[in-house]
Amino acid sequence: MKRFIFFILATYCCFGCQKISVPTEGVTSVSSSPEIYPDYTSLVIPPNIAPLNFEIKIPGQEYVARISNSKGEELLASGKIIDWDIKDWHHLLDDSKGDELMYEIYVKDESGKWNKYIFKNKVAEEEIDPYVSYRLIEPLYTQYGNLSICQRDLTSWEEDIVFNNTNHTTYGRQFCINCHVPRNYYQDGASQIHVRQHNGGTLIMAGDSITKVNMKCDSTLTSGVYTSWHPTHDFIAYSTNETRQMFFSFSDTRPEVFDLRSDIILYDIKNQTMKNVANDPDLLETYPTWHPNGKSIYYAAARYPEGVTAETQKDHYKEMRYDILRRQFDPETKNLSEPDTVVWASAQLQSALHPRISPDGKWLLYCKAPYGTFHLPHQESDLFMTDLTTGEERTLSNANSENSESYHSWSSNGRWIIFSSRREDGQFTRPYITYIDKDGIDSKAFIMPQQNPSHYDDFMKSYNVPEFFVAPFRFSRAQITKALEKESIQAEFKTE
Amino acid sequence: MKRHIPDIVLTSLFILFSFWILAVKNGFMLRWYDEMSLFEPGSDSLRQFLLYPGGIFRFAGTYLTQLLYYPALGSCVLIFIWLLIAWLTKIAFRLRNASVPLCFLVPFCMLVSILHLDEAYLNFESQGYVFYNSLGFTFSLAVIALFSTARRTSMAQEAIAIILPLLYPVAGYFALLPAIICSISLLISSIKNKKTFTIVASVLSILFVVVIPLLYYRYCNGTTVDNDYLYLKGLPELTMEDYDWYLWQPFAIASILLLILSLLSSYDDLLKFSSSKIIKYSSWGLFLLGILLSLSADSKKSEQLRATVLMVNAIENHDWKKVTHIMSLTKESPNYTMCVLDNLARAYCRMERRSTGNMMTANKDFRHNEDFTINTFVDVPVNHYIGRFNQSHRWATENNVLYGNRAYYIKYIVRNAILNGNLEFAKKYNQLLMRTMFHRQWAQEMNKYIENPELINTLPDFGYLMALRAEEIMRGE
C-alpha cells in the first residue's frame, strides 16, 4: 500500500511539475499576428487586470506561449487554451508598468515544425478601478426572466451577485431590476438600484441605510430612469421616460426603442423632494450626467420634428435626433441656467446619446448613430469624444467596431473606459475596455477577461449598464430584501 | 415463490400499463415535452439551477428529458424511477403482504402529473418537469427509508430528522416533506418510549423546517427563490389559483399518502395493517383506482391540443400534407390555431385556403388562454413560414426568456437568423442544440448552412417561403 501511494505521488510530481520549455531549434518566425480568441493583441492593458487568457486558433499539435518584459522577466504557459497563472501574471504586470510586453506564441504544425508568432501589448502606468458592476440579462423585448446585478473583480475571476430578481412565474410577483449606479465610483459607498413592478421603487443605498423611494407622481411622467449622482451634494438627476418599442417584420433592426415623452428631474436625497431640471414640452430630454465639479448638468435632448407629436412620433422615428445640451447649476440654490448646445449632432444628421464626462472635466464621451433614442440595436452606433475646452470632436476609431457601441463609463482616474459592444455576434452585449491617454487618444478595445476564453461563446446573457466601482458593494441580500418589503417613501414634487 | 406472485403480477401490470399509456398512446406528447425543454450542460447552467431549492433535481430532470426524444426510451427510464419509488416505499413503511399495492400509489400520482399536462405546459417554467418531481420523491423516500431502517438506539434517526431541513437549499420541498414525516414518527415513538432526547430532536426538526427556508430566502446570495409559498419550492412553480388546482393534486395526494403511510406504519403493532383484510382489498382497490385516474387524466387533454401538437411536429418535418391530413381526421371542431396551421399547410401544398373567420374562443383561464397558446403554436412557426422572420424570432425569444430555453423555440431562432443572414448569431444559438443528446443532428444539418451560406437557397421550401415573404413585404409592416 505504501509503495502504491509513493508511486502515485511520484507520478504526479513528474507530470505536475513538468517544466514548460520554449522551442529554440528549427523555429520559423511568422510575420503576421497569431489568430487568438479573444483578440488580445496590440493593446494597452491595465497593470492590475486579471490574466488575459486566450485560445490559440491556429491548427497545430502543440502550443507554447511566453510573455516577457524589457527586464527579462517572463511568464510561460502551454496548450491551446493559454491559462496564465494568476499570481505570476500579477507579479509580471506589477514589474512592467509603463513597459511593453512581448508575446511569443509557438505552434507546432502538422509536419512537426515550430512556427513563432509575435505581438506586443503595452502595460499602462495607471490602474483600472478594481470592480465593475453590470446587469446580466437575456436578449429580450418586452418580457424578462432571471435578472441579476453582478459585481466583477477585474483583478481576478470573482463575480458576485449584488442582487437578483426571483423566479417570477408566480403570477403578479415578478420584478425587474436595473441601473446599479454609484456615486463617484463608490468612493463613499453610495449607489442606487431601480426595482420595477412587485415591491417596486428606487433603492438609494447610502451611509448605513437603504431607502426605497417612489418618484412617480402626477407631476412626473414616470419613476426615475437614467441616473446620475451629483458629485458633491446629495442630489441625483433622473430622466423620466415614457418608453415604447416598435417591432419590424422585415428590416434589419428588430426593435426600435423610443420615448414618447421624457424629462429630467432632480431628486434631493435629504429632503426627499423632486424638482424639474428640463421639461420643455417641445423637447425630449434624457440621459442626464453631471460635470465632475457639480456645477453643470449635461443631457441629451431632441425636438419633435415639425408637425410631429408624441403620438405620431412612431411614424417619424428616423427623424428623431438628439443633441447634447448643458445647463449651469448652483448646488446651493439648485437654480439652473438656460441650456446651451454642446454637441449639435442633429445638424450632422446624427443623434448623440449618453453623455459622460471624464473625471478631469476635459472630455465629453457619447455615442452617435443616424437617429434614435436608444442606440444599442443600432449597428452604426459608435463612441465619440468632444474636447470641452476646444469643442473639437473625434471618433474613438481604435475602440469602435462595425457593430454597435453604447453605454460607456469612465474609470475614476479617467484613463479607462468600459462600454457595451455587440461586435461579437450583433446580438449579445459584451463589456469592452479601452485606454484613453492624456491627449484623449483611445487604444484598441479588448473584451473583459474571463478565466475560460470561450466563456462568451457559451454565455447566453448580455452585460448591461457597466459601471466602475473602486470598492466592493457592501450591502447584503438580507438588507436589500428587507428594504424592498417596506413601503416606498413618496418623493414630494416641488414646483419652485 | 407463491408469496411473491401477487408482487410480480402487480409490478408487471404497472409496467405494462405505464408503458402503454406513455410511450404507445402519448409518445408524440412526450416527444413534444422534449421539444419544450433544453438541457444546457456546463457550470453556468448548473449554477443557475442550484440557485433554487430543489434545483439539482431540475437539472437532472432536464438532462433526462432529453431521453423523451425517443418516447419509449424516456418512458422506460421514468418507469424505472417509479419502480425505485415503489421499492423505497415498501422499505420505508415496511409494507408487505396485503399492503404492497400501496407502494404504487406515489408512482401513480407521478404518472397522473404527466398525463394531465395540457396547454398549461406551455406557460410555466417546466424544465425537467416530467422527471424532477419523481426524482424529488425518490430522494424523499430514500431518506425516509434510511430513517426507517436506522437503529433506534443509535440516535441515527434523531440525527436524520435534524439534518434533513438543512438540505432545503439543495432539495427544497423534498427535504422538508421527509423531515416532517420523520419528526412525526419520532414524536409518536417518543410518546411510546418516553425518551426526552427524541422529543427534543423532533421539536428541533420541526423548528428547522420552519426557520431554515426563511433564513435561506434572506441570506443566500443569488438565490432566485421567492418567499411566496416558500415551503413548496422544489415542486412546480404553480399558483394557488383555481385554474392550477388540478396541477397540484398529484403532488398533494402523494404527500398526504406518505404522511398517512407513515402514521399507519408507526401504529402497525396496534393496527396490524399489513395483514389486515381491509387493507388487502382497499390497497388493491387503490391500485385499480390509480389506473382509472391515470386514464381519466389522459382523457382530459383535448383532441384539439393533440392535433395541434401533431400538426406542429409535421411542420417541423416540412410534411405539409400530413398537416392537412391531421386536420381532416380531427373529430372535434377545429380551433382557430388549427385552422391557421391548416391554411399554412394548404398554402405550401398549393391548395385553396379555408376561411377561418374570427374563430378565437373567449379567453379562458390563465393557463389555457388562447392568446397565449397562439403565441407558441402560431406566432412562432407561422410567422416564420410566411417570411416574417423578425416576428417569429421575437415570440420565440420572449417565450424562452419567460419559461427557460426550449429546443422548439431555439430551432426557429436559428432558422430565422440564417434566413436573415445573421450567421454568427445563428451559430451561437445552434451551439445550444449541438450540445444536446439528440437535437444535435438537427443542429449539424443547420451548421451546414451557417458554414456555407451559399447553400441557404437549398433549405427545404426555401423558394416558396421567399415567395410568401415577398407577398408579406408588399403588404407592409
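Residues numbered from 1 in each chain as written. Chains lettered and ligands numbered in written order. Predicted model: local features only at pLDDT ≥ 70, side-chain atom pairs only at ≥ 80, totals over all residues. Heavy atoms only, no water.

Student: What is the right way to look at the packing of aromatic side chains in this model?
Tutor: To describe a pair of aromatic rings, one takes the distance between the centres and the angle between the planes. For the coordinates displayed, the defined rule picks out 57 aromatic pairs over all chains. Where Phe428(A) meets Tyr429(B), the ring centres are 5.9 Å apart and the plane angle is 35°; that geometry is what we call tilted. Taken together, the positions of Phe428(A) in the loop between β31 (416–421) and β32 (430–435) and Tyr429(B) in helix α22 (residues 423–434) put the pair across two chains. As far as the burial class goes, Phe428(A) and Tyr429(B) line up, both buried. Judged by centre distance (5.5 Å) and plane angle (70°), the ring pair of Phe49(B) and Phe59(B) falls under edge-to-face. In this pair, Phe49(B) sits in helix α3 (residues 43–50) while Phe59(B) sits in helix α4 (residues 55–65), placing the two residues 10 residues apart along the sequence. Summarising the burial analysis for this pair, Phe49(B) and Phe59(B) share the class buried. Here the aromatic cluster, defined as three or more aromatic residues joined through ring pairs, consists of Trp32(B), Trp320(B), Tyr348(B), Phe377(B), Tyr385(B), Tyr408(B), Tyr409(B), Tyr412(B) and Tyr464(B). Above the ring of Tyr69(B), the side-chain terminus of Arg31(B) is found at 3.9 Å from the ring centroid. A cation over a ring is seen here: Arg415(B) above Tyr412(B), with NZ or CZ 4.6 Å from the ring centre. (Phe/Tyr/Trp six-rings, centres within 6.5 Å; stacked < 30°, edge-to-face > 60°. Helix = DSSP H or I, 4+ residues; strand = E, 2+ residues; numbered from the N terminus. Buried < 20%, exposed > 50% of the residue type's maximum accessible area, 1.4 Å probe, protein only. Lys NZ or Arg CZ within 6 Å of the ring centre and 35° of its normal.)

Student: When you look at the domain arrangement of chain B in this model, what are you seeing that I'm missing?
Tutor: A common way to state how big an interface is: give the accessible area lost once the parts meet. Residues and elements named next belong to chain B. Parsing chain B into structural domains produces domain 1 (2–299) and domain 2 (303–475). For domain 1 and domain 2, the distance between their C-alpha centres works out to 36 Å. Each partner contributes to the interface: domain 1 provides 37 residues, whereas domain 2 provides 33 residues. Each partner contributes to the roughly 3,200 Å² buried at the junction of domain 1 and domain 2, and carbon and sulfur atoms together form 59% of this total. Here Arg306 and Asp298 are joined by a salt bridge, their closest N and O atoms 3.0 Å apart. Inspection of the domain 1/domain 2 interface yields 20 residue pairs in polar contact (both at pLDDT 80 or more). Listed by contribution, the elements that provide at least two residues to the side of domain 1 that touches domain 2 are α2 (27–35) and α12 (245–266). (Domains from an automatic or database assignment. Contact = heavy atoms within 4.5 Å. Buried area = accessible area lost by both parts, 1.4 Å probe. Salt bridge = Lys/Arg side-chain N within 4 Å of Asp/Glu carboxyl O. Polar contact = N/O pair within 3.5 Å; in protein donor to acceptor, adjacent residues only side chain to side chain.)

Student: Hey, could you run me through helix α4 (residues 477–485) of chain A in this one?
Tutor: Within α4(A), the full set of buried residues consists of Arg477(A), Ala478(A), Ile480(A), Thr481(A), Ala483(A) and Leu484(A). Taken together, the buried residues of α4(A) touch β12 (159–164), β14 (191–197), β15 (201–206) and β16 (209–214) of chain A together with α11 (196–219) of chain B.

Student: Would you take a moment to explain a nonpolar patch on the surface for this structure?
Tutor: The grouping of Leu204(B), Ile206(B), Leu207(B), Val210(B), Val211(B), Leu214(B), Leu215(B), Tyr219(B) and Tyr231(B) at the surface amounts to a nonpolar patch, some 750 Å² of accessible area in total. A residue is classified by how much of its surface remains accessible, and Tyr231(B), at 32% relative accessible area, is partly exposed. (Patch = residues over 30% accessible without salt bridge, like charges linked within 9 Å, V, L, I, M, F, W, Y side chains within 5 Å. Areas by Shrake-Rupley, 256 points an atom, 1.4 Å probe, with all protein chains shown as cover.)

Student: Hey, could you run me through the pairing of strand β6 (residues 74–78) of chain A in this one?
Tutor: Residues and elements named next belong to chain A. Where burial is concerned, the two faces of β6 differ: the one with Leu75 and Ala77 is buried and the one with Glu74, Leu76 and Ser78 is not. Summarising the sheet, strand β5 (residues 62–68) and β6 pair through 5 bridges and their orientation is antiparallel. Bridge assignment links Ile67 to a residue of β6, and that residue is Leu75. The loop that links β5 with its antiparallel partner β6 comprises 5 residues; one of these, Gly72, has a positive phi angle of about 90°. (Pairing = 2+ DSSP bridges.)

Student: Explain the nonpolar core to me, please; I cannot follow it from the model alone.
Tutor: In summary, soluble globular proteins display a tendency toward joint burial of nonpolar side chains. Core analysis: the largest hydrophobic core is formed by 131 residues, its most contacted members being Leu22(B), Trp32(B), Tyr33(B), Trp82(B), Phe137(B), Ile418(B) and Tyr429(B). With 10 residues, helix α21 (residues 407–420) of chain B is the single largest residue contributor to this core. Shared between two domains, this core takes at least three residues from each, and those domains are domain 1 (2–299) and domain 2 (303–475) of chain B. Counting 75 residues, the second largest nonpolar core, distinct from the first, contains Phe54(A), Ile58(A), Tyr185(A) and Phe468(A). (Core = buried A, V, L, I, M, F, W, Y, C linked by side-chain atoms within 4.5 Å.)

Student: How should I be thinking about the side chain of Thr373(A) in this particular structure?
Tutor: All names here are of chain A. With respect to the helices and strands, the residue Thr373 is situated in the loop between β27 (363–369) and β28 (382–387). Take Thr373: its relative accessible area is 4%, and that puts it in the buried class. The residues contacting Thr373, other than those within four sequence positions of it, are Val257, Phe258, Asp259, Tyr287, Tyr322 and Leu353.

Student: When you look at the domain arrangement of chain A in this model, what are you seeing that I'm missing?
Tutor: All names here are of chain A. Assigned domains within chain A: domain 1 (29–123) and domain 2 (131–489). When each unit is reduced to the centre of its C-alpha atoms, the spacing between domain 1 and domain 2 is 35 Å. In this complex, domain 1 contributes 22 residues to the contact, which on the side of domain 2 involves 21 residues. There are 1 salt bridge connecting domain 1 and domain 2. Between Asp39 and Lys444 there is a salt bridge whose closest N-O contact spans 2.8 Å. On the surface where domain 1 and domain 2 come into contact, there are 7 residue pairs in polar contact (both at pLDDT 80 or more). Going through the elements one at a time, β3 (44–45), β4 (54–56) and α2 (86–94) are the ones with two or more residues in the side of domain 1 that touches domain 2. Of the residues assigned to the side of domain 1 that touches domain 2, the class counts are 14 nonpolar, 5 polar and 3 charged. (Nonpolar A, V, L, I, M, F, W, Y, C, P; charged D, E, K, R; others polar.)

Student: What is the right way to look at the sheet that holds strand β35 (residues 489–490) of chain A in this model?
Tutor: The strands that make up a sheet pair up through hydrogen bonds in the backbone, lying either parallel or antiparallel. Residues and elements named next belong to chain A. Ordered in space as β13-β14-β15-β16-β35, the 5 strands form an open sheet in which the pairing is mixed. Of all the strands in the sheet, just β13 (175–182) and β35 have a single pairing partner and so form its edges. As paired strands, β15 and β16 are joined by 5 bridges and run antiparallel to one another. Its bridge partner lying in β16, Leu203 is registered against Lys212.

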